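# Coordinate analysis (summary)
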There are 2 protein chains.
Amino acid sequence: MPLINTKMILDGRRVARSIYETLAADISVLGTAPGLAAILVWDSPASIAYIAQKRKYARRVGIDFEVFRLPESTSETQLLQTMDGINADDRFHGLIVQLPLPKHLSRERIIRAIAPEKDVDGFGVQSAGNLFFGTDGYMSCTPKGVMRLLEYYEKPVAGKRVAVLGQSDIVGKPMALALIAADATVLSCNALTHDSRELTLASDIVIIAIGVPGFLTRDRVRPGTTVIDVGYTRVDGRGVGDADFENLKDLCDITPVPGGVGAMTVAMLLENAYRAARESLRRGVRDGNVR
Amino acid sequence: MPLINTKMILDGRRVARSIYETLAADISVLGTAPGLAAILVWDSPASIAYIAQKRKYARRVGIDFEVFRLPESTSETQLLQTMDGINADDRFHGLIVQLPLPKHLSRERIIRAIAPEKDVDGFGVQSAGNLFFGTDGYMSCTPKGVMRLLEYYEKPVAGKRVAVLGQSDIVGKPMALALIAADATVLSCNALTHDSRELTLASDIVIIAIGVPGFLTRDRVRPGTTVIDVGYTRVDGRGVGDADFENLKDLCDITPVPGGVGAMTVAMLLENAYRAARESLRRGVRDGNVR
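Residues numbered from 1 in each chain as written. Chains lettered and ligands numbered in written order. Predicted model: local features only at pLDDT ≥ 70, side-chain atom pairs only at ≥ 80, totals over all residues.

## Some details on helix α2 (residues 45-61) of chain B
All names here are of chain B. To keep things clear, this is the line we draw: Helix and strand definitions follow DSSP, with helices as H or I runs of at least four residues and strands as E runs of at least two, each counted in order from the N terminus. Here a helix's expected span is defined as the number of its residues, less one, multiplied by 1.5 Å. Neighbour counting defines burial: a residue surrounded by 20 or more other C-beta atoms within 10 Å of its own C-beta is buried, one with 12 or fewer is exposed, and intermediate counts give partly exposed, using backbone-placed C-beta atoms. To obtain the arc, one takes the directions from the helix axis to the C-beta atoms.
Given a rise of 1.5 Å per residue, 17 residues ought to cover 24 Å, and the 25 Å separating the end C-alpha atoms of α2 matches this to within 8%. Burial in α2 covers these residues: K54, Y57, A58 and V61. For α2, the arc enclosing every buried residue in end-on projection is 110 degrees, short of the 170-degree limit, so these residues lie on one face. Exposed side of α2, more than 90 degrees from the buried face: P45, A49, A52, K56 and R59 are the residues found there. G62 sits one or two positions beyond α2 and adopts a positive phi of about 100 degrees.

Structure (structure tokens):
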């Protein structure tokens, strides 16, 4: 009797669609369109593609998405002035700066200049602090998307062993924090980790974000492990993840690339933008701004 | 031939003494005594003992240490008013609130009310965010003390497997973050962790902060593992750690309780208070406050 493949593809696009439906409904009753400003300094093909995708879904759910294109030679002062203007502009409830930035600009200083209440990418110090304590605030969109995807497919993390490969500020670190806040046992690994295979083999869930195509091979996981692939590298004109999807998909529940985590990241950004608009309206009401 | 015990006691008191010597010298040339305010709302014997210890060493290094004792029935409003006064008072460069608080007070709201530049315990949102990014700020004193102790005894953590047992906001979580920032592989465990023994056995360093006396037994670590015991529970009138010290000390380099991490925590608090005073003086100079 042949083995029946009961493994699931964790379909980020499908979950994102359901989030967009909810968002569109919520926004339609908000009374005003959330405004999201995106600054694009370095117009690499990848950055342009990311911005285009964010705009497409923003418009679909009813968010005003405005792109501020600055020349690659923009000085830090010019960029900060543009940001100050958006920070002070009530039409914009969220402000994102498309990464990466040209080398002459300090990512740290730029990100810190986003007003905390408009930091819908969740990259700032205040957002990281809120994530640490599990209090309100905008959680970094990729880890938030991963948590939501796991929830959707009813994969609890409390008491589970979750290996997180990669320790970046944008994904690996906030991912580890979010998992700790959810009572997971977290095995956080980096490029120096000795025998990461031993750790992934001992895990119930493996989240990989290292940018090494196909790194997570079949011999590195137990059957039944859930694999969340955050990797995305352009190889021969197509995006490739960090997991060896073809050889894992009959062994593991796994996210595809594309169509997995990436789709969730955009959905979480737009959800944060909606929340920022809602909070802004609440502050207005609370401060007596009643008509 | 008998086995020679070459295992080390990681002596927190000794390291703290060397830190106090440096601090006293640095403070003597600062031109002004750092001022540290401590609010004590719940005067349990343990809290009083902690405060007394902080005061003793503060005075020794030349820090003005002032205790504000409030009755246990203090309302949140009263406490916040006291804090506002200290936040606005130039004599105080640091402000700490002795924990735990009586149940009717919200720890979260109280901690958030400490001015970030005076948060020398490193418990606030801003401090957690800075820890996340590895940027300047006051790191939570216990994890900072552990990192310093490991440095002093030349135990690098980069590329090492470090099990952290406990995921509290005060110790376990910031400990995991500090280790990730230092390129360690971090195995973060909690009470739900399945088979934590397998993880501690696979680790080079075990840091335990769970408040279960003697939990870390000889069968849970490999010979040669470094054990950092953050636990402190009063049993029959004396403080007891989370590690079975007597049965581990010929197997592992290990911190004693007391005299290990606790001594380091106080030293780190006072170092943070000195840094806060220095930063305050620098801001004065930068802002043109020149005589």
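## A look at the nonpolar core
Put simply, the rule is: To count as a nonpolar core, a set of buried Ala, Val, Leu, Ile, Met, Phe, Trp, Tyr and Cys residues must be joined through C-beta atoms within 7 Å. Residues are scored as being in contact if the C-beta atoms we place from backbone atoms lie within 7 Å.
Counting residues in each nonpolar core, the largest one holds 168 residues, and the members touching the most others are V164, I207 and L270 of chain A together with V164, I207 and L270 of chain B. L270 of chain A has contacts with L23, Y57, A58, V61 and I63 of chain A, leaving out every residue within four places of it along the chain.

## Comments concerning the sheet that holds strand β2 (residues 64-69) of chain B
Residue and element names in this part refer to chain B. The following threshold applies: DSSP bridges decide pairing: two strands pair if at least two such bridges lie between them. In this analysis, axes come from line fits to C-alpha atoms, helices being fitted only over the stretch in contact, and the angle between any two N-to-C directions falls in the range 0 to 180 degrees.
Within the open sheet, the three strands sit side by side as β2-β1-β3. Their pairing is parallel. Each edge of the open sheet carries a strand with a single partner, namely β2 and β3 (94-97). Neighbour to neighbour, the strand axes of the sheet diverge by 20 degrees on average, direction disregarded. Bridge analysis of strand β1 (residues 35-40) against β3 gives four bridges, and the strand direction is parallel.

## Details of the interface of chain B and chain A
Filter applied, for reference: Polar here means any residue outside two lists: the nonpolar Ala, Val, Leu, Ile, Met, Phe, Trp, Tyr, Cys and Pro, and the charged Asp, Glu, Lys and Arg; Gly therefore counts as polar.
Counting from both sides, the interface comprises 27 residues of chain B and, opposite them, 27 residues of chain A. Residue assignment for the side of chain B that touches chain A shows that the elements contributing at least two residues are α5 (125-133), α7 (172-181) and β5 (185-189) of chain B. With seven residues, α5 of chain B is the largest single contributor of residues to the side of chain B that touches chain A. Partitioning the side of chain B that touches chain A into residue classes produces twelve nonpolar, ten polar and five charged. Pairing between strand β5 (residues 185-189) of chain A and β5 of chain B: three bridges, direction antiparallel. Residue pairing across strands places L187 of chain A opposite L187 of chain B, the latter belonging to β5 of chain B.

## Remarks on the relation of the copies chain B and chain A
For clarity, the cut-off: Only residues with pLDDT of at least 70 in both copies contribute their C-alpha atoms to the least-squares superposition of the copies.
For the pair chain B and chain A, the superposition axis carries a translation of 0.0 Å, the fit reaches an RMSD of 0.0 Å, and the rotation angle comes to 180 degrees. Accordingly, the operation relating the two chain copies is best matched by a two-fold axis.

## Digging into the domain arrangement of chain A
Counted only if it meets this: In this entry, domain limits derive from an automatic or database-based domain assignment.
Domains assigned within chain A are domain 1 (33-115) and domain 2 (141-262). Taking only C-alpha atoms into account, the centre of domain 1 of chain A sits 28 Å from that of domain 2 of chain A.

## Quick look at unusual backbone geometry
Cis geometry marks the peptide bond from L99 of chain B to P100 of chain B, where omega comes out at 0 degrees. With respect to the element layout, P100 of chain B can be found in the loop between β3 and α4 (107-112). With omega at -5 degrees, the peptide bond leading from V257 of chain B into P258 of chain B counts as cis. Tracing the chain through its elements places P258 of chain B in the loop between β10 (253-254) and α10 (261-286). Notably, D183 of chain A is not glycine yet its phi reads approximately 65 degrees, a positive angle.

## Re the environment of F132 of chain B
All names here are of chain B. Considering the arrangement of structural elements, one finds F132 in helix α5. Note on F132: 23 C-beta atoms within 10 Å, which makes it buried. For the pair F132 and A178, spaced 46 residues apart in the sequence, the C-alpha separation amounts to 7.7 Å.

## Structural notes on the pairing of strand β7 (residues 226-229) of chain A
Within a regular strand, side chains alternate between the sheet's two faces. All names here are of chain A. Residues T226 and I228 point to one face of β7 and V227 and D229 to the other, with burial holding for every one of them. For strand β6 (residues 205-208) and β7, the ladder comprises four bridges, and the chain directions are parallel. Counted as the bridge partner of I208 is D229 from β7. The pairing of β7 with strand β10 (residues 253-254) spans two bridges and is classified as parallel. Bridge assignment links T226 to a residue of β10, and that residue is D253.

## Examining the packing of helix α6 (residues 141-152) of chain B against α7 of chain B
If you want to describe how two helices pack, look at the angle between their axes and the distance between the axes. Residues and elements named next belong to chain B. Just so we agree on the cut-off: What sets the label is the angle itself: under 35 degrees gives roughly parallel, over 145 gives roughly antiparallel, 65 to 115 gives roughly perpendicular, and the rest give oblique. Each helix crossing is assigned a hand: it is left-handed if the near helix lies turned anticlockwise from the far helix by less than a right angle, otherwise right-handed if that turn is clockwise.
Between α6 and α7, whose axes approach to 8 Å, the crossing angle comes to 40 degrees. Taken together, the axes of α6 and α7 are oblique relative to one another. The crossing of α6 and α7 is right-handed. For the pair α6 and α7, contact is made by P143, V146 and M147 and by P174, M175 and A178, respectively. Along the lines of polarity and charge, the residues of the contact of α6 with α7 split into six nonpolar, no polar and no charged.

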